[in-house]
Amino acid sequence: MTQLTGQCHCGAVQVVLELVYPPSILPLRACQCGFCRAHGAATTSHPESHLHIEAAPGALSHYRFGRRAVDFLICRTCGVYVASTIEADGERLATLNVNGVGIQDFAGRTPEPADYDHETDDERLVRRQARWMPLILVETQPSA
Ligand SMILES: [Zn+2]
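Residues numbered from 1 in each chain as written. Predicted model: local features only at pLDDT ≥ 70, side-chain atom pairs only at ≥ 80, totals over all residues.

Student: For the nonpolar core, give the residues involved together with the corresponding values.
Tutor: Of all hydrophobic cores here, the largest spans 33 residues; its most connected members are Val13, Leu51, Ile53 and Val82. When contributions to this core are tallied by element, the ones reaching two or more residues are strand 2 (13–19), strand 5 (50–55), strand 7 (71–75), strand 8 (81–88), strand 9 (91–97) and strand 11 (133–139). Here this core gets four residues from one element, more than from any other, and that element is strand 7. Excluding residues within four positions of it along the chain, valine 82 makes contact with Cys8, Val13, Val15, Ile53, Leu73, Ile74, Cys75, Asn97, Gly100 and Val101. (Core = buried A, V, L, I, M, F, W, Y, C linked by C-beta atoms within 7 Å. Buried ≥ 20, exposed ≤ 12 C-beta atoms within 10 Å, placed from the backbone. Helix = DSSP H or I, 4+ residues; strand = E, 2+ residues; numbered from the N terminus. Contact = placed C-beta atoms within 7 Å.)

Have a look at this one:
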């Protein structure tokens, strides 16, 4: 198993991405919605991976827009977009913005543009449940 670590620009939000496959075979996507383009986001997820996010209480903003189905986790201090999450069948799933948290293992790759505008709400849920990965979100003081 591989563990990739990253953090937002100011370090208030720490992430660990646990992979059973090398990062080179994970997808890298550039969602074409206005929010993701504004952040220059490049996201990855794999259903057999796990994502851990640790932040102090209140350090993360849970931003919603559009159909309001997804929580976009943003650092309140430095404004970095960290990850998107949904709750589905009692499980929290996520996709990680590797550009936002500075994971270098994806550097040099051109993210594949992804446009989900045509999808229905049901299609979005099915896609996210198939592709996104389990998230453990811990909102406590990071241990220094
Ligand atoms: Zn930050």
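Student: Tell me what's going on with the pairing of strand 2, and back it up with residues and numbers.
Tutor: Note: strand 1 (residues 2–7) against strand 2, six bridges, orientation antiparallel. Bridge pairing in strand 2 places threonine 2 opposite leucine 19. The hairpin turn running from strand 1 into strand 2, its antiparallel successor, is five residues long, and glycine 11 in that turn takes a positive phi close to 90°. Here strand 2 pairs with strand 5 via six bridges, running antiparallel. If you follow valine 13 over to strand 5, its bridge partner there is alanine 55. (Pairing = 2+ DSSP bridges.)

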